Amino acid sequence: MRASIRELRRHDWSALRCGCGQSGAHLTESFSRLLDARSMQETVGYTLENHLEVQSMLFEAAPHAVPVMLTALGEALHDSVRGHFLGMLEYLVTGESHQSEIEAGRPDLEEECIAAVREGIVVLYAEAASGDAEAAFDILEFVDEDEARLGYYRSALAPGRGEG
């Protein structure tokens, strides 16, 4: 079994609030479909937008989704899913808790997402080196506290350097 599926199963999604107003229980199917997709058509109807976040306003399920997406980025993914996960990670580290989450006692979901991304930061550097460098760096700018490392990778992976 793939590590991303194990990470997905590690959480009780039904106990988490989702941006669509339901529990996060349905997110297991959305993630499973995305992780298994081998074509863009197989992803239709399965998105994390408006579930983990709505217009960059985060919901309780968001920080739990981060390790699933990071683990998946280290696996074989359809390009559209890889792009979706990278875009979603950027929303999660730059967003802020939805008012309903603040009222429920979760005012720092963006900080939880940033902390979760930092735990798997090497995955984003691997993505920068061999995948979508621009998307990876867009996330790394918000999460990597090691400015020297970020600068080194930016320079080493700059177009025309021939080291990528």
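These figures come from a predicted structure and were not determined experimentally.

Thresholds applied
Residues numbered from 1 in each chain as written. Predicted model: local features only at pLDDT ≥ 70, side-chain atom pairs only at ≥ 80, totals over all residues. Heavy atoms only, no water. Pairing = 2+ DSSP bridges. Helix = DSSP H or I, 4+ residues; strand = E, 2+ residues; numbered from the N terminus. Buried < 20%, exposed > 50% of the residue type's maximum accessible area, 1.4 Å probe, protein only. Lys, Arg positive; Asp, Glu negative; His and termini not counted. Salt bridge = Lys/Arg side-chain N within 4 Å of Asp/Glu carboxyl O. Polar contact = N/O pair within 3.5 Å; in protein donor to acceptor, adjacent residues only side chain to side chain. Contact = heavy atoms within 4.5 Å.

Next up on the list: the sheet that holds strand E1 (residues 53–54). Spatially, three strands are ordered E1-E2-E3 in an open sheet, and the strand pairing comes out mixed. With partners counted over all chains shown, the strands left at the sheet margins are E1 and strand E3 (96–97), one partner each. Sheet topology places E1 next to strand E2 (residues 57–58); two bridges connect them, and they run antiparallel. Note that in E2 the partner of Val-54 across the bridge is Met-57.

Attention now goes to the side chain of Glu-110. Assignment of secondary structure puts Glu-110 in helix H6 (residues 109–119). Arg-106 is the oppositely charged side chain nearest to the buried, salt-bridge-free Glu-110, at an N-O distance of 9.7 Å. A polar side-chain atom of Glu-110 sits 3.2 Å from the main-chain amide nitrogen of Ser-97. In this structure Glu-110 touches Leu-58, Leu-92, Gly-95, Glu-96 and Ser-97, once residues within four positions along its chain are discounted.

Before going further, it helps to examine the environment of Ser-4. Mapped onto the elements of the fold, Ser-4 is located in helix H1 (residues 3–9). Linking Ser-4 and Leu-35, residues 31 residues apart in sequence, is a C-alpha distance of 8.0 Å. Ignoring anything within four residues of it in the chain, the contact list for Ser-4 reads Leu-35, Val-68, Thr-71, Ala-72 and Glu-75.

A separate point is the pattern of salt bridges. Counting across every chain of the model gives twelve salt bridges. Residue Arg-106 is joined to Glu-60 by a salt bridge in which the shortest nitrogen-to-oxygen separation is 3.1 Å. Of this pair, Arg-106 sits in the loop between helix H5 (99–103) and H6 while Glu-60 sits in the loop between E2 and helix H3 (62–73); the two residues are 46 residues apart in sequence, bridging distant segments of the chain. For the pair shown, Arg-106 and Glu-60 are each scored as buried. In this structure, the salt-bridge partner of Glu-112 is Arg-106, at a minimum N-O distance of 2.5 Å. For Arg-106, a relative accessible area of 18% translates into the label buried.

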